[in-house]
Amino acid sequence: MKRKVTKAVFPVAGMGTRFLPATKSVPKEIMTLVDRPLVQYAIDEAREAGIKEFIFVTSRGKGALEDYFDHSPTLEASLRKSGKTDLLETLKATNMESGAIAYVRQHRAMGLGHAVWCARRLIGNEPFAVMLPDDVIAAEKSCLSQMVEAYENTGGCMVAAMEVPKDRVSSYGVLDPKEDMGSLVSVKGMVEKPPADEAPSNLAVIGRYIVTPDVLRTLNKLKQGAGGEVQLTDAIANEITEGRDVHGLRFKGQRFDCGTKAGFLQATVSFGLARDEFRDELTEYLTEVVAAQKVAQ
Ligand code: UTP
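All values reported here derive from a predicted model rather than from experimental measurement.

A.B. asks: Would you explain the overall build of the chain in this entry?
C.D. replies: The secondary structure content of the chain amounts to 11 helices and 13 strands. Compactness check: the chain gives a C-alpha radius of gyration of 20 Å against a globular reference of 19 Å for 297 residues, within 12% of the reference. Over its C-alpha atoms, taken along the principal directions, the chain stretches across nearly 60 × 55 × 35 Å. Across the 297 residues in the chain, those meeting the buried criterion constitute 46%. Considering only intrachain contacts with a sequence separation of at least 6, the fraction spanning at least 24 residues in the chain is 75%. Accessible area for the chain stands at about 15,400 Å²; split by element, carbon and sulfur atoms hold 52% of it. Averaging the positions of the 38 positive and the 40 negative side-chain charges in the chain gives two centres separated by 5 Å.

Rendered as structure tokens:
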């Protein structure tokens, strides 16, 4: 079954413990790269890929996310009054058409697979995208657009994939390739967080997926997998067992793991350097800092 992908699920119910104490009161997805929260990058990517309905799986303490996508009449009136049309324009990206965004709660953090399953009634019987906003991808054509395009030919399930150093594979879901066709790889197995010496490859899954409703049915039945959580990769791997297609796409672009502090810092520098208004000043500053570090060593 091939159909257009128009819905995306954003699982954001995790506790974000790696960013404590910040995430004690600020949702990780609201943390900001330059001047836009992580979630804005994900929404922009989804829009570019043709997504029309945005489903957030949230948890207690994520109210700031709902406010972010709401109209702010007082702020907008004040900007209008002072003629700040450029800022009003900037705010437009944060507004959602009525009914285009929905929130469901995951009452306990029982894993990514469980979070996706919580959105089942809003998805119904059609393929959908899953996007993790803490994976931020800088790309000429957005990562999800590349996947949607490839999916139009393959159908089935598709995951975004990238090569990682062998000693890092145990942090990822890892693909067992059947046929490597260059950017597209057909997959005969998937393992969640394998030890480096047992990993079937170094092709890791990152936070973009296109999945069929069959995956929801599997999540319904799935027993707890690796780490005592319900894993999305286990449900996708089950598709292979059932004889259905799963592909990995080596997307073109640079992925930043903004779920880690080091990744977040790197993304901040890269996105800063990508902006005309900061490039020169930031380059000069970084050059000075690096030179001073070398002298100090
Ligand atoms: P992570 O593994 O990064 O967990 O989840 P986390 O809670 O966000 O962060 P740490 O590890 O405690 O620092 C990957 C994605 O899956 C979502 C998270 O919100 C994040 O977007 N998730 C994870 C859920 O929605 N529910 C869960 O039960 C687990």
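Moving on from the coordinates now.
A.B. asks: For this particular structure, what's the right way to read a negative patch on the surface?
C.D. replies: Residues Asp 280, Glu 281, Glu 284 and Glu 288 make up a contiguous surface patch of negative charge. Along the chain, Glu 288 turns up in helix α11 (residues 276–296).

A.B. asks: Mind showing me how you'd approach the nonpolar core here?
C.D. replies: Most often, soluble globular proteins have nonpolar side chains that are buried together. With 40 residues, the main nonpolar core has Phe 10, Phe 54, Phe 56 and Leu 144 as its most contacted residues. Secondary-structure elements contributing two or more residues to this core are β1 (7–11), α1 (38–48), β4 (53–58), β6 (128–131), α7 (143–154), β8 (157–163) and β11 (203–211). Looking at which element gives the most residues to this core, the answer is α7, with 6 residues. With residues up to four places along the chain from it excluded, the contact list for Leu 144 reads Glu 45, Ala 46, Ala 49, Ile 51, Ala 129, Met 131 and Ile 210.

A.B. asks: Would you explain the packing of aromatic side chains in this entry?
C.D. replies: All told, the structure shown has 8 aromatic pairs when counted by the stated rule. Note on Phe 10 and Phe 54: the rings are 6.3 Å apart at their centroids and 25° apart in plane angle, and the pair reads as stacked. With Phe 10 in strand β1 and Phe 54 in strand β4, this pair connects stretches of sequence that are 44 residues apart. Seen in terms of ring centroids, Phe 10 and Phe 56 are 4.8 Å apart; in terms of plane orientation they differ by 15°. Their pairing is stacked. Taken together, the residues Phe 10 in strand β1 and Phe 56 in strand β4 connect sequence positions 46 residues apart. Each of the two residues, Phe 10 as well as Phe 56, counts as buried.

A.B. asks: Whenever I open this one, the pattern of salt bridges confuses me. Can you help?
C.D. replies: Any two side chains of opposite charge can pair, given that their charged atoms come close. Applying the stated rule across the entire model yields 19 salt bridges. A salt bridge links Asp 214 to Arg 217; the nearest nitrogen and oxygen atoms lie 3.0 Å apart. Taken together, the residues span about one helical turn, with Asp 214 and Arg 217 both in helix α8 (residues 213–221) at a distance of 3 residues. Between Arg 279 and Asp 276 there is a salt bridge, with the nearest N and O atoms lying 2.9 Å from each other. Residue Arg 279 and its partner Asp 276 are located together in helix α11, separated by 3 residues, close to a single helical turn. By relative accessible area, which is 33% here, Arg 279 ends up partly exposed. Each of Asp 214, Arg 217, Glu 239 and Arg 244 takes part in salt bridges that share partners, so that together they form one network.

Rules of the game
- Residues numbered from 1 in each chain as written.
- Predicted model: local features only at pLDDT ≥ 70, side-chain atom pairs only at ≥ 80, totals over all residues.
- Heavy atoms only, no water.
- Helix = DSSP H or I, 4+ residues; strand = E, 2+ residues; numbered from the N terminus.
- Rg over C-alpha atoms; globule rule 2.2 N^0.38 Å.
- Buried < 20%, exposed > 50% of the residue type's maximum accessible area, 1.4 Å probe, protein only.
- Contact = heavy atoms within 4.5 Å.
- Areas by Shrake-Rupley, 256 points an atom, 1.4 Å probe, with all protein chains shown as cover.
- Lys, Arg positive; Asp, Glu negative; His and termini not counted.
- Charge placed at Lys NZ, Arg CZ, Asp CG, Glu CD.
- Patch = residues over 30% accessible without salt bridge, like charges linked within 9 Å, V, L, I, M, F, W, Y side chains within 5 Å.
- Salt bridge = Lys/Arg side-chain N within 4 Å of Asp/Glu carboxyl O.
- Core = buried A, V, L, I, M, F, W, Y, C linked by side-chain atoms within 4.5 Å.
- Phe/Tyr/Trp six-rings, centres within 6.5 Å; stacked < 30°, edge-to-face > 60°.

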